[in-house]
Structures are given as structure tokens and as C-alpha cells.
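So you can see what is in the structure, the chains are spelled out below.
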Amino acid sequence: MMATAHASHAIRSRLNRRGLQAWSGLLGLLVALGFGTWIYQLTQGLRVTGMRDVVSWGAYIVTFAFFVGLSAGGLIVASAAEVFGVRSLKPLSKLGVLTALASVTCAGLMIIPDLGRPDRILNLVAHPHWASPLIWDVGIIAAYFVFAAVDLTVLHRREKSPTGLAKTVRVLAYIGLPTAVLLHSITAWIFGLQIARTWWNTALMAPLFVTSAILSGTALVAVVAVAAQWFAHVRVPEQTWRVVTNLLVVSLCVDLFLVACDYITILWGNVPRERAALNLILPGGSWQTVFWLEWIVGGVVPLVLLMTPRFRSSRALVAVGALLAMVGVYAYRIELVVGGLVRPIMQLPPGIAKGTYQSDKTSFVYTGTYHPTWVEISIVIGMFALLATFITIGYRRLKVLSRPPESPPAPEVAAHVTAPVAQEALT
Amino acid sequence: MVELRRRQFLGGMAIGAGALAAGPRLRFLLESEPAGDVAAAATTAAKRQVFRTGHSNNCDGACGHLIEVENGHPVMVKAAPWEDTAISGALAQKFNPRICLRGLSQIQNTYSPDRVKYPYRRVGERGSGKWERISWEEAASTIAQKFGEIQAKYGKPSVWIAPYTGSLALLEGVVGVGFRLASVIGASAGDFEGDNEGDSATPAGWNYVLVDPTNPDNGGGLFDGHEGTDFLNSKLIVLWANNVAETSIPDWRTIMDAKSKGAKLVVVDPRFTPTSAAADLWLPARPGSDTALIDGVINYLITHKAYDESYLRAYTVAPYLVHPQTKKLLRTTDIGLAGKDDYVLVDSSGQPRAAGAADPKSVQLLGTFDVGGLSAPTALQVLADAMAKYTPEHTAEITDLTAQQVTTLAALFATNHPVGIRAGFGLSHWYHGDLTMQALLTLQALGGNIGVHGGGVTTFAGGLTTTAFDLPGWWAPEGTTSFTVLEPMEACDAMLENKPYPVRAAWFMVDNYAQQMSDRNKVVKALKSLDFLVVSDYVMSATADLADIVLPACTYLEKTDLLSSNNFYLQYMPKVISPLWESKSDLDAVTLVAQEMGFGKYFDKTADDYLKDILHIGDPDADSNVAGLTWSQLTSGAPHLNTPTIPYVPFFDKSFPTKTGKIEFYVEMLVPFDQAVCDHKEPIEASPSNPLFGKYPLVFLSTHTRFRTHSQYSNLPWLKEINNGGQGFLEINPADARARGVKDGDVVRVYNDRGAMKVYARLTEGIKPGVVNCYQGGWDTVKVKHYIEGHPNNLTHQIANPTQAVVPNFRSNAAYFDCLVQVERAKG
Amino acid sequence: MADQKRWGMVIDQSRCIGCWTCAVACKEINNQPLGYWWNRVLTAPPASSAKAPASENVDVPAGEFPNVSLAYQPTACQHCQDAPCVKVCPVGATFRRDDGVVLIDYERCIGCRYCVAACPYGVRVFNWGDAQHADDFTVGYGEDYRSDGRLVFTPERPRGVVEKCTMCAELLDAGQEPFCVEQCPAGARVFGDLNDPNSEVSKLVNEEGAKRLLDELGTKPDVFYETAARRDLGDGSTQSGSGA
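What comes next concerns the included structure. Since the structure is predicted, the reported quantities are computational estimates derived from the model, not experimental observations.

### Observations regarding a nonpolar patch on the surface
Inference 1: A cluster of nonpolar side chains, contributed by A:Trp292, A:Ile296, A:Val300, A:Val301 and A:Val304, occupies part of the molecular surface with about 380 Å² of accessible area.
Inference 2: Residue position: A:Val301 is located in helix H10 (residues 288-307).

### Structural notes on the interface of chain A and chain C
Inference 1: Contacts between the two partners involve 54 residues from chain A and, on the opposite side, 57 residues from chain C.
Inference 2: Surface buried jointly by chain A and chain C totals about 4300 Å² across both partners, of which 61% is contributed by carbon and sulfur atoms.
Inference 3: Among the residues chain A hides against chain C, the three largest losses belong to A:Arg120, A:Met346 and A:Pro349. Together they make up 14% of the total.
Inference 4: Taken together, chain A and chain C are joined by two salt bridges.
Inference 5: Where A:Arg273 meets C:Glu216, a salt bridge forms, and the shortest distance between an N and an O atom there is 2.7 Å.
Inference 6: For the pair chain A and chain C, the interface holds 30 residue pairs in polar contact (both at pLDDT 80 or more).

### Here we look at the environment of C:Ile11
All names here are of chain C.
Inference 1: Looking at the element boundaries, Ile11 is found in strand S1 (residues 7-12).
Inference 2: A relative accessible area of 2% places Ile11 in the buried class.
Inference 3: When the C-alpha positions of Ile11 and Glu226 are compared, they lie 5.9 Å apart, and in sequence the two are 215 residues distant.
Inference 4: Among residues more than four places away in sequence, those in contact with Ile11 are Pro74, Ala188, Arg189, Val223, Phe224, Tyr225 and Glu226.

### Side note on the interface of chain C and chain B
Inference 1: Of the residues lining the interface, 56 residues belong to chain C; the matching set on chain B comes to 65 residues.
Inference 2: Between chain C and chain B lies a buried interface of about 5000 Å² when both sides are counted; carbon and sulfur atoms form 59% of it.
Inference 3: If you look at where chain C meets chain B, you find three salt bridges.
Inference 4: Linking B:Asp257 and C:Arg15 is a salt bridge whose minimum nitrogen-to-oxygen distance equals 2.5 Å.
Inference 5: Those elements that provide at least two residues to the side of chain C that touches chain B are helix H1 (21-29), strand S3 (62-64), strand S4 (67-69) and helix H5 (179-183) of chain C.
Inference 6: Among the elements that take part in the side of chain C that touches chain B, H1(C) stands out by supplying six residues, more than any other.

### Overview of the packing of helix H2 (residues 59-83) of chain A against helix H12 (residues 315-342) of chain A
All names here are of chain A.
Inference 1: Taken N-terminus to C-terminus, the directions of H2 and H12 make an angle of 135°; their axes are 9 Å apart at the nearest point. One element, H2, and the other, H12, form an angle in the oblique class. Pair H2 / H12 crosses with right-handed handedness. Residues Ala59, Ile61, Val62, Thr63, Ala65, Phe66, Gly69 and Leu70 of H2 touch H12, and the partners they reach there are Met326, Val329, Tyr330, Arg333, Ile334 and Val337.
Inference 2: Among the residues forming the contact of H2 with H12, the class breakdown is eleven nonpolar, two polar and one charged.

### Digging into the environment of B:Thr303
All names here are of chain B.
Inference 1: In this fold, Thr303 is placed in helix H11 (residues 290-303).
Inference 2: Each C-alpha atom of the pair Thr303 and Asp347 lies 22 Å from the other, and the pair is 44 residues apart in sequence.
Inference 3: Reaching out from Thr303, the side chain makes a polar contact with the backbone oxygen of Tyr300 at a distance of 3.2 Å.

### Digging into the sheet that holds strand S24 (residues 729-732) of chain B
Residues and elements named next belong to chain B.
Inference 1: Spatially, S23-S27-S24-S26-S25-S28 is the arrangement adopted by the six strands of the closed barrel, whose pairing is mixed. Taken pair by pair, the neighbouring strands of this sheet meet at an average axis angle of 45°, ignoring direction.
Inference 2: Examined bridge by bridge, S24 and strand S26 (residues 756-763) share four bridges and lie parallel to one another. Residue Leu730 lies in a different strand from S26, and its bridge partner there is Ala761.

Calculation criteria
- Residues numbered from 1 in each chain as written.
- Chains lettered and ligands numbered in written order.
- Predicted model: local features only at pLDDT ≥ 70, side-chain atom pairs only at ≥ 80, totals over all residues.
- Heavy atoms only, no water.
- Patch = residues over 30% accessible without salt bridge, like charges linked within 9 Å, V, L, I, M, F, W, Y side chains within 5 Å.
- Areas by Shrake-Rupley, 256 points an atom, 1.4 Å probe, with all protein chains shown as cover.
- Salt bridge = Lys/Arg side-chain N within 4 Å of Asp/Glu carboxyl O.
- Helix = DSSP H or I, 4+ residues; strand = E, 2+ residues; numbered from the N terminus.
- Contact = heavy atoms within 4.5 Å.
- Buried area = accessible area lost by both parts, 1.4 Å probe.
- Polar contact = N/O pair within 3.5 Å; in protein donor to acceptor, adjacent residues only side chain to side chain.
- Buried < 20%, exposed > 50% of the residue type's maximum accessible area, 1.4 Å probe, protein only.
- Axes fitted to C-alpha atoms, helices over the stretch in contact; angles between N-to-C directions.
- Parallel < 35°, antiparallel > 145°, perpendicular 65-115°, else oblique.
- Left-handed = near helix turned anticlockwise from the far one by under 90°.
- Nonpolar A, V, L, I, M, F, W, Y, C, P; charged D, E, K, R; others polar.
- Pairing = 2+ DSSP bridges.

Structure representation (C-alpha cells):
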């Protein structure tokens with residue numbers, strides 16, 4: 001029995017080693033491709049993207065907002081463990097902070113290819129204009145990056161001297177939670193404060209961003225954890241899984257509820273200017289794909305997977321559910337960014353100058369269109385690969401998940417999880 | 001070298017770009033400040049030369065342009081100022097700077113990739129687009145040789161020179177050097193001064209009523225109108241089939257200023273154009289029913305006695321008796337009245353009097369009088385009788401309006417004076433367009449609105465500028481006889497059927513005959529049948545596509561000329577830049593050919609010297625309108641002519657060059673055509689009474705758009721950017737579209753027995769059901785296609801109205817709009 | 001400051017015929033690349049009607065034949081007092097001068113396009129690539145113009161920055177009017193000092209009730225729109241014209 005287990009472990013280890021090499025190679029390739037594509041974009045200008053006036057933000061900003069969500073979510077998981085005493089989440093604290101750090105780094109980097117003049121990026125520091133939500137966001141991203149780095153260091157150190165840093169960890173958690181909420185709110189306000197875009201201009205924007213951040217961030221942690229368990233033979237306690245799964249369910253429900261609130265408000269009010277964007281997204285509209293991705297692929301399906309006892313007992317299926325929930329959140333980001341831009345507030349012919357010229361076409365567009373080009377897809381994939389690289393490296397270097405003991409999980413872990421406080425925090 | 005003067009004058013004052021933007025300011029600088037100071041101020045700024053020129057294309061605008069030139073390129077076009085004074089120095093008027101989107105696109109036009117850059121000889125089939133570049137010398141000698149051969153074989157008029165309205169400048173285009181060449185070599189030529197493809201019906205009507213075309217003093221027919229600014233004097237402005245807001249954009253300001261002053265604005269148009277949108281009253285009458293609407297108003301005025309009695313007595317034939325049998329105006333000899341032969345009027349006591357002996361204040365206007373055994377009605381009575389059937393209800397029935405709309409319009413005419421009418425050339429695109437103009441003038445005569453400020457019926461203004469010049473001497477220099485006139489409407493028959501004589505060669509100048517002439521399939525067939533075809537153009541037009549030799553022409557910036565059309569100002573056009581590539585002005589091209597043909601002696605002057613001759617500069621016997629003009633005055637600004645009144649009003653002295661000297665709303669010479677008075681006639685084709693209507697139930701209009709001037713500028717990038725990418729479309733009412741299963745943006749086939757075109761459908765409630773419209777002038781060339789297939793002129797016809805022949809200068813007209821089609825969704 | 005000017009413009013929609021001359025004039029003087037329009041002419045339902053545009057095509061009237069109406073709305077930068085673009089610019093590249101003119105410093109803009117998203121009027125265009133022109137030489141004003149040392153006009157805007165109407169700041173500062181005002185063939189544009197109660201623009205705003213676009217957003221533009229008054233012909237057949 002032991003012998004076969006050991007043998008299979010050895011095989012898996014060997015496979016994992018080769019797998020890791022392949023994984024690293026793939027990531028390196030994708031990152032290099034993305035970077036190369038960005039260099040190409042630098043030589044051509046943003047005309048090689050699918051963006052034009054009207055839909056002037058696209059895959060880069062969508063991905064940026066998505067990464068911000070991932071980062072805030074990871075930290076919220078980590079901090080919740082301390083702040084709300086959800087001790088069953090503790091095993092995931094370090095992973096949460098790692099994904100937070102990796103995600104916020106990628107979020108910050110994601111802005112760069114979107115800039116027309118990345119060479120002038122230091123103007124953000126040299127000439128900050130404090131009225132701009134974008135400057136607040138730059139500030140909070142920078143602060144968050146520093147915070148996550150410090151937190152990760154502290155958590156890492158704690159593993160060596162578990163007792164000494166407990167207070168620091170708690171303090172950091174108390175700072176981390178509101179910082180994460182603020183990071184997400186400010187990113188939401190980039191959109192939500194804009195009177196020119198009725199689709200964005202809702203007070204729901206910040207709560208929605210926070211909720212979807214918790215959803216996507218937790219989902220990322222879950223996916224990484226399952227991957228780690230699968231490939232690195234790491235075992236995450238059952239109770240932790242249950243909490244994570246519950247957190248996913250709750251945040252997904254709240255997220256969809258908030259989006260639905262927005263839909264219903266617009267539908268019932270029936271103001272043409274506000275209906276314009278929604279009509280494109282609802283079934284039948286030209287952007288309905290994002291609707292199906294958000295509500296079915298990223299909504300109903302993961303809910304079924306995460307709530308049906310038979311399915312949720314399978315960690316693989318929970319991971320699939322988490323992954324689909326992330327797809328749903330990404331779809332929501334598309335819906336948000338593009339939906340806010342496709343129908344300009346002044347719906348008058350001939351529309352808006354495209355900023356591009358075709359000799360036999362009008363230079364104006366009434367309803368915006370957007371199809372990301374290979375350049376954007378390549379850069380975005382490169383950025384996802386970079387995120388995965390950061391997490392992989394961090395995971396390897398910092399041993400964010402402890403190797404399972406050879407023996408079954410210690411009983412006190414289970415005791416922690418059954419503590420009433422944990423239940424309360426999540427219901 | 002003289003032509004450089006202007007350049008030196010302005011060029012020497014190159015000033016900083018920043019100071020150049022305001023026209024009036026610039027003028028102030030130029031006129032009042034010593035040149036040295038201005039030049040000094042310029043040392044730190046980029047050097048630019050500034051030229052004032054006139055934009056000579058035929059949109060009616062006759063705008064003045066200020067052109068800034070830097071490093072040999074024109075880099076800025078903007079509206080130029082006008083002189084506040086006449087040639088004589090007398091104060092004239094303030095004339096607003098004029099420009100529009102087309103004028104502002106002229107740099108692009110000049111450097112367009114569609115330009116013809118070099119002379120070419122055809123090497124493939126006609127229309128195959130295969131060319132071989134040749135030298136000007138070779139081109140000129142080939143043309144000379146071919147023309148000589150053909151003239152020797154088929155007679156001198158078998159070569160047809162066709163300088164056209166693509167340019168309204170003096171030395172080229174519609175009054176240009178082509179006519180001089182035709183006279184010199186004995187060729188035929190057309191069209192000239194006013195007689196344009198679709199623009200001669202209303203001028204003919206104008207002559208019926210106001211001019212005696214048989215009198216040699218009138219040169220075969222005149223045409224003029226009120227100066228645009230005269231609408232400021234109108235109480236009611238009626239834009240009859242005239243989309244000023246799109247086609248004569250710079251005139252819009254005057255219309256709006258008049259409206260601000262309280263004038264009411266009426267627009268008659270089956271389409272809800274930007275002009276219609278600005279109207280106080282918009283009347284979408286059925287196309288082709290205009291005469292009936294006018295008749296309804298006339299009937300209202302007569303039955304309500306709302307006409308100007310004293311005006312009618314003094315200045316019109318209203319009181320003149322009409323012979324009941326011959327329908328001619330009654331003569332004293334017809335009734336044996338003593339004295340020398342004269343017309344007959346009836347005095348207050350009912351006694352006939354010779355016109356010369358009657359007291360004009362007391363003659364009878366209405367009634368039928370027994371004179372000399374005849375029961376003779378007055379001309380006004382004849383009119384009244386003919387108009388009696390046009391009750392508001394009957395008029396409404398014919399015009400598709402309501403009786404209320406008819407009486408509203410009539411009441412406006414009855415209660416406002418003066419009334420100014422602007423009638424677009426759209427009215428002229430009808431078989432009976434002449435009749436409509438006759439009716440409008442009749443209506444205006446009743447209201448006392450002719451020859452007064454703020455009145456008149458204006459289609460074109462500025463004819464005076466050409467009558468004041470020595471155009472006969474320009475067209476037929478001493479020692480030559482004037483060319484044989486062959487009109488565009490007659491040319492196809494001459495080419496295809498040798499009627500009235502064979503035409504085997506042609507030279508088109510600024511003329512896109514193969515696309516812009518009606519019944520295009522016939523035109524293309526005729527042109528392909530020619531032995532030799534030369535086309536001078538600055539772009540590779542549909543006509544150039546068919547040529548044997550294509551010659552590169554200049555745009556208005558590359559040559560010296562004069563613009564004196566469409567308003568009452570003289571605009572010298574200096575050569576702003578050197579001709580691009582190997583382009584030459586028509587004057588230079590014609591000179592080369594004439595030299596090859598051995599007629600060089602008639603073409604031995606510079607452009608400036610010709611202008612001096614034509615304008616009588618330095619001639620003490622010069623026409624009063626240009627008397628005293630000096631060369632430096634001409635080249636340093638745009639002065640107003642010495643007109644008797646400013647704004648200019650035709651017949652301001654109420655002296656009419658008719659047989660009677662009166663306004664002849666009773667047109668004696670049209671008795672044989674049953675058209676002595678303006679009784680409505682249905683269109684020759686586009687009428688529900690036409691049996692063809694069952695098969696082709698839609699009236700097909702091919703109007704002008706603001707985005708081009710006929711076929712010029714159709715392919716300019718800026719204008720295409722804002723005009724659907726240059727893609728043509730068919731305006732159709734949603735009701736008509738629904739009936740045919742056509743949705744917005746669908747490809748439709750428009751067809752009749754003459755031809756077909758394919759184009760995108762554009763649904764709009766702005767067009768009357770039963771009417772469709774496709775903007776004409778898009779290109780259908782070998783390289784460029786602005787319609788999916790064909791051109792509106794594939795559908796139009798060449799049926800001429802013989803009535804117009806009584807006015808030699810306006811004897812035939814293409815009735816573009818008098819056209820029926822059917823529309824269906826194109827398959828596939 | 002008593003003599004501080006506040007430049008404003010009133011566009012008389014009752015005179016506007018949608019001819020695009022102002023837009024082409026703007027294109028010319030500013031050497032705008034193909035595909036770029038700082039100024040465009042929108043087909044607008046008349047102000048009094050709550051109708052939506054009848055079509056996505058220009059020049060198509062609202063209503064049903066023959067009860068139709070049509071108006072035009074030339075639209076360039078509205079030079080808002082409370083300009084969303086100025087507020088959102090993270091580097092202060094977009095700014096509002098004391099005379100009310102909103103400008104872009106082409107040397108500071110980082111090309112984030114937040115202002116493009118923030119502008120309710122859709123008047124900002126971004127330089128997606130190198131400018132494409134119809135001619136191979138530069139047309140228009142022709143030289144750089146700096147306001148307080150900041151590059152607010154240059155004949156070729158660099159790739160990657162946002163550009164828009166400058167109200168012809170270079171002409172204003174030389175005592176002239178914006179080019180579109182000068183070239184408008186309908187006399188539909190009135191320009192002047194909103195701080196001067198006797199200026200024509202002030203009168204049109206204060207007495208004739210010229211309106212702002214999307215006034216409800218509170219951006220407080222210094223560009224105003226005058227709409228046509230209906231005129232009664234005295235017989236109940238009043239025709240609604242543009243802007244009626």
C-alpha cells in the first residue's frame with residue numbers, strides 16, 4: 001500500500017517536474033510573445049488595436065479592471081482570515097496575498113500598453129492632477145502593491161517564527177481589508193463617476209466591483225489551490241474548501257443580484273439613453289455573448305457546480321466552477337467597459353468621428369463596434385501568462401501552501417473550522 | 001509677364017500666418033499700411049503669399065477665395081472680402097464673404113490622385129482604361145491632323161467643340177476659348193452662355209414673357225435675375241424648387257437675414273430639404289404640377305382682385321385686346337381703327353384706343369369688348385378665363401396639396417409686396433419647365449413684382465456681366481465667322497444619325513458629357529461611334545474614359561482667368577500656383593492645337609491681354625457697366641459693376657425688350673403651341689396620366705447634393721468622409737419601400753425602358769411618396785464607381801420640347817426630372 | 001478681474017443648414033488627418049420635440065411625411081466651465097484657460113483616453129496612428145502655437161495623444177474670431193465675450209434663451225444653441241421648420 005503510494009508519488013513528481021518545465025516554457029513563450037507584440041504596437045501606435053473613437057477602451061482596460069478585481073479578492077480572503085477570525089481560511093492567507101501581489105502588479109502593468117504615450121508615464125508622478133479618479137487609482141494601486149509586498153514578506157517571515165509576528169499580521173489584515181475595498185471602489189469610480197456614460201454612472205458601481213473582486217479573487221485562489229493540490233500534491237483542508245466554496249457561492253449570488261438590480265432599474269425606467277447600452281447586451285443585442293457568458297457560463301453553471309452537494313464534493317468541479325465564475329466576471333468587465341462606450345450619450349446621426357479612414361466609408365460611427373485584434377489578444381494573453389508566472393514563481397519560492405503532512409490532517413484544524421465564529425462570518 | 005503683377009503686389013507682402021486668418025483685416029493691412037511695415041512684421045513668421053481669386057465652378061456661388069501659398073503649395077483657402085464700391089468708385093454694398101465646404105476642399109481637388117497629369121493616347125478599346133503617355137506636341141499635332149482630315153471629309157462643322165459649364169470663368173469653359181477655336185476653324189460648338197443641358201427651359205420661359213428673342217438686339221435670348229442681396233428687400237420669399245441651403249450655400253445667409261428682418265419664407269419642393277426645413281410654409285407639391293399650383297394662386301389673385309391694377313395697366317399687356325380668332329394681340333388694323341398700326345386697348349368708356357393713344361391710367365383690364373365687329377377679350381381676361389378652373393380644390397387635386405395650402409400660399413402673395421421668387425434649375429429639368437417660368441412671371445406681373453427691388457423671378461443672376469463684355473469679339477475674332485451652334489441635346493443625333501449634319505469628332509472641355517448628359521446609354525453609344533474624341537479635363541472623368549486623346553487641364557488655381565458670373569462682381573483669377581505636372585489651361589492647349597492647324601495668329605496673346613480686350617479696359621466706348629475699369633483696379637480686388645441700381649434688378653427702368661415694351665404674360669408667339677397663357681400642362685413622362693405610369697409608378701429625381709457640384713469633387717476624401725464614403729443612395733419614402741420589401745441600406749435596382757442602375761436604398765420621410773431621388777454626379781468611371789452599377793442618367797431621356805425653339809439661345813433642354821422608374825430589391 | 005474675457009459661442013440652429021462648411025473649415029485650418037473631425041454636424045430632432053432621430057443617417061427628418069421636421073446641431077468642443085475632460089485628466093494635460101477655452105497640452109498628454117470616455121459630447125479624437133492626409137504637405141494654420149508655454153496647437157499632432165477643437169486659440173489671442181465662425185456661410189455662429197453683458201452672445205444667452213447641450217449634466221458649456229421660433233402665418237397653417 002505504502003509502496004504503491006510512494007511509487008505513484010514518485011511518478012507524479014517526475015511528471016510534475018517535466019510538467020513544470022513545460023508550464024514554465026509555455027508561460028515564458030506567451031510572455032515573450034506579448035512583450036514582442038507590445039514592442040510592435042509601440043512602433044505602429046494604437047491603430048493596430050481594435051479600439052477607435054467611440055469604443056476607445058478595450059481589452060486592455062477590461063483586463064486591467066479584471067486584474068484589479070483578482071488582487072483585491074485575494075487580499076480580502078487573506079485578511080478575512082484574521083479580521084473575522086475565519087481561521088479555516090488561514091491556510092490560504094499566503095496564497096491570497098501572493099495572488100493579490102501578482103494581480104496588482106499585472107494590473108499596473110496592464111495600463112502601459114493602453115497608453116498612447118507610455119514614454120510620458122512619469123507625467124503621472126510629475127504632474128498629478130488630483131481631481132482625476134485615475135490619479136487616485138494610480139495612488140491606490142501603488143499603495144496596494146507596497147502593502148501586498150510587505151504583507152507577503154511578513155507572512156513569509158511568520159512561518160519561520162510563527163509567534164513573533166502575529167500582531168503585525170493582524171494589524172496588516174486590518175489595514176488590508178479596507179485598502180482592498182478602497183482599491184476596488186476607486187477603480188469602480190473611474191467608471192462610476194462619469195456622467196457622460198449612463199451605463200457606468202451608477203452608485204452600484206463600487207459595491208459591484210467589490211463583490212466581483214471577492215468572487216474573482218477567491219476563485220483565483222481556489223483555482224491555484226486546486227492546481228497546487230493536483231500538481232504539487234498539496235492538501236488543503238476540507239473545511240477550508242467548504243468555506244471557499246461558500247464564499248464563491250455567496251459572492252457570485254450577490255454579484256449577479258447587483259447586476260440584476262442595475263438591469264431592472266434601467267428596464268423599468270425605460271429611458272432611451274439608458275436602454276441603448278442594455279439593449280445591445282440583452283439577448284438579441286449585438287453584444288449578447290457577454291450576457292450569456294456572464295449569466296449562464298459564469299452564473300448558472302458555476303452556481304450549480306458549487307451548490308449541488310454531489311458536484312461541490314469534487315474539488316476539480318469546484319475549480320471548474322471557480323474558473324467559470326472568473327469567466328463570468330471577465331464578461332462583466334467587457335459588458336461594463338464596452339457597454340459604456342458603444343452608444344454615446346448624444347445619439348444623433350452620423351455619430352462620432354472614428355479617427356480612422358477608409359476611402360469608401362463614412363468616417364463616422366453611430367453605434368460603436370469593437371473587435372480586439374491579434375495585437376490586443378496577444379498582449380492580454382501575455383499579461384495573463386505573466387500573472388501565472390508570478391504566481392508560479394511565488395508559489396515555488398515562498399512555499400505558500402504547506403506540504404501536507406504524511407499523516408491525515410490534524411484534528412484541531414477541523415475544530416477550528418467548526419467554530420461558530422467562522423460560520424457566522426460566512427452566512 | 002503682366003500676370004505676375006498681382007503676385008508681386010500681394011506676394012511682396014508676405015506676412016505672418018497668424019495675421020492672415022481674418023479677411024477684412026488682411027484687406028485693411030494691404031490697403032492702408034505701408035508695405036515695408038508689413039513685410040518687416042513678417043520676418044519672424046513663416047512667409048506666405050496671399051492671392052485673391054474667384055472660384056469658377058458652376059455651383060452658382062461664384063465665391064471669392066483667399067489663397068495662402070507656402071513653398072509653392074496652396075495651404076489655405078478661405079472666404080475673400082469684396083469691394084464695397086463699384087468700378088466707378090460709387091459706394092456699392094456690403095457683400096458677405098462667401099464660401100462653402102466645396103470651396104474649402106479645393107486644395108484637395110487640385111492635388112487629387114484622380115488628376116490627369118499628362119497627355120495620353122488611348123491604346124486599348126474605348127473605355128478600357130488603357131493609355132500611353134505622349135507629349136503635348138504629339139497630342140497637338142495628332143488633334144490638328146485628325147480635325148483637318150475629318151473636316152475635309154465630312155465638312156467643317158463635323159468637328160464639335162464642347163466647352164461646358166464645368167467652369168464659369170471667362171477664358172475657359174462655358175464662354176471660353178473653345179468657341180474662339182470653333183469660329184477660327186469653322187467647327188460647330190455648343191453650348192454657350194446659358195444654354196445648358198438641363199438649364200434652358202426656364203430661361204426660355206423667361207424670354208417668352210420678358211424678351212423678344214426675334215429682335216437682333218437681344219442676341220437670340222437673354223437671361224438674368226436679381227442680385228442675391230436683393231432678397232433683403234423682399235417681404236415674402238418663395239424658393240420654388242430651389243434647395244438653396246444645399247446648392248447655393250453662400251446665398252443662404254441673405255435668405256436668413258431677410259427672414260430675420262421679417263420676410264416670410266415659402267419653399268415648394270417635393271423633398272423636405274434643409275431649405276424646406278427652414279420654411280414658414282413648405283409645400284410638397286407633386287413634381288411636375290408646379291404650373292398648376294401657380295395657376296391656382298393666379299386664379300385666387302384674379303378672383304379676389306388682389307392684383308396690382310396700376311402696375312398691370314402701366315407695365316404689362318393685361319389691358320391689350322386679343323383677337324378672338326387668331327388669338328394674336330389685336331391690332332388697330334384688325335378693327336379698322338385709324339392711325340398707324342398699333343395694339344388696341346379699351347378706355348374707361350368702353351371705346352377701343354390705339355395703345356399709343358390711350359390713357360394708361362384708365363384702360364380696362366378685364367372684360368370682353370365688341371370692337372370692330374369682333375368680341376375681343378383683354379389679355380388679362382383671357383388669362384382669367386384660362387385660370388378660372390384652378391379653384392383651390394381643383395388645384396389641390398392636381399398638385400397633391402390641400403385646398404387650404406393653396407389658399408394659404410395665394411393669400412401670402414395677395415398680402416405681401418414685394419415678393420421675390422427664386423426658382424431653381426430643378427424647374428428647368430422638366431419638359432414643360434418653360435411653361436412653369438412663364439407662369440411664375442405671370443404671377444409676379446399680377447403682383448407688380450417685376451422690375452422692383454425685392455421682387456422678380458431669379459434662377460441665375462449675373463448675365464449682365466457677360467453682356468457688358470466683348471464676348472462676340474472673343475468668340476469670333478475679326479476675319480472669322482462665328483461657329484455653328486450645335487447643342488448638347490442635338491449632338492447625339494448628329495453623331496449617330498448625321499442629323500442635322502454629321503459630327504465625327506469632338507473636343508470636350510470641362511464637360512463630362514458621357515455621364516452628366518441625359519439618356520446616357522445613347523450618349524455613350526454616340527461617343528463611341530465618333531472617329532476621334534479629345535477630352536480636356538483635370539480628372540479622369542467618364543467622358544475622358546472614352547477619349548482617343550486626353551489632355552491634362554488646370555484647376556482654377558493654376559491659370560489666369562476672370563470670374564464674372566453668377567453675381568455682379570469682377571473677380572480676377574491670378575495664377576496662384578504653376579500648373580501641376582504637365583497640365584495646361586484650355587487657352588494654352590487650344591493655342592497649341594490652333595498653331596498646329598495654322599491658325600496661330602488668332603491665339604497670340606496672353607490671358608491678361610485677352611481679358612483687357614474682353615473687358616474693354618481703356619476703351620472710352622466701354623459698356624457703362626464696366627466703364628472706367630482699370631487693370632490695377634481689376635487685379636487688386638473684386639469691384640461691383642456700375643449697375644443702375646445696387647442690388648441689381650433686371651428691368652429696373654420697367655422698360656422691357658419685348659415687342660410691346662410690356663411684360664407679355666400673354667405670349668403671342670406661343671399661340672401655335674397653345675401656350676399663349678400659362679395653362680398647366682402635364683409632364684411629358686412623369687405624370688399619372690401617362691399610360692407608362694402603370695409600369696413605372698415612381699417619379700425619378702436626380703437632384704444636387706451639397707457634397708459636390710455636378711460631377712466635380714465627388715471623389716474628394718474630405719467630402720466623401722461626410723457623405724457616406726461617396727456611396728450613392730436612393731431616397732425613398734418608407735411607404736414606397738415597404739410596398740417593395742425594401743429596407744434601409746438594401747441594394748435596389750432602379751429601372752425603366754431606357755436603362756437601370758443599382759444603388760443602396762435610404763429610407764426617409766423627407767420625400768413625397770411616389771417620388772424617389774438619387775443625387776446625380778457620382779462617378780461611374782473605369783476606376784471609380786460611386787453607385788453600385790450605372791448612374792442616374794442611365795434612366796433619363798433626351799426628349800426636347802419644340803416650343804423652346806422660339807428662343808434660339810435656349811432652344812433645347814434635357815428634362816432630367818420628367819422621368820418615371822420602378823424600384824425593386826436587387827437580387828443577391 | 002473686470003476685463004477678463006470669457007469666450008463663448010452661440011450657434012443659431014434656425015440658420016444652420018447642416019452644410020458642414022464649419023466642419024470642413026475646421027478640418028482645413030487645423031490640418032486634421034483623414035478620419036478626424038473636431039467639429040461635426042449632427043442631424044438633430046428639433047429641440048421642442050422629444051422625438052428620437054428617425055434614422056442613423058444624416059439629413060433624415062423626424063416625423064411622417066408631410067409632418068416632418070429637421071434641425072442640425074454642429075458639435076465641437078463645448079468648452080465647459082465644469083468640463084468632465086478637465087476633471088478626469090490624470091496629468092492636467094487638458095486644462096481650461098481663464099478665458100474659458102479648454103485646451104490640450106500636446107506635450108503632456110499621456111494618451112490614456114479617459115477624457116474621450118468622459119466627454120458627453122463625443123468631440124475628442126485620439127491619434128491612433130500616424131496621421132493620414134489627402135495631400136503630402138501641411139495645410140492650415142501651419143505653425144506651433146503655445147499658450148502660457150504649453151503647446152496647444154501644432155500642425156501635426158503626435159501619435160498617441162488626444163486632440164480636439166481649440167476654439168482657434170491662436171486666432172483668438174491675435175484678436176480674431178474662430179475660423180468656423182468666420183467661414184459659416186449661414187451666419188449661424190455668433191462669437192463673443194460672455195462676461196460682457198452687452199455682447200451679442202450675452203444677449204442671445206440672457207435674453208433669447210440660447211440653450212446648452214445636455215444642460216442636465218451640469219457641465220456648463222460656453223457654447224450655446226439658439227433654436228428657431230415658430231412663425232404664425234395667421235391662418236392656422238403654421239409650419240414647423242428647423243428647430244421649431
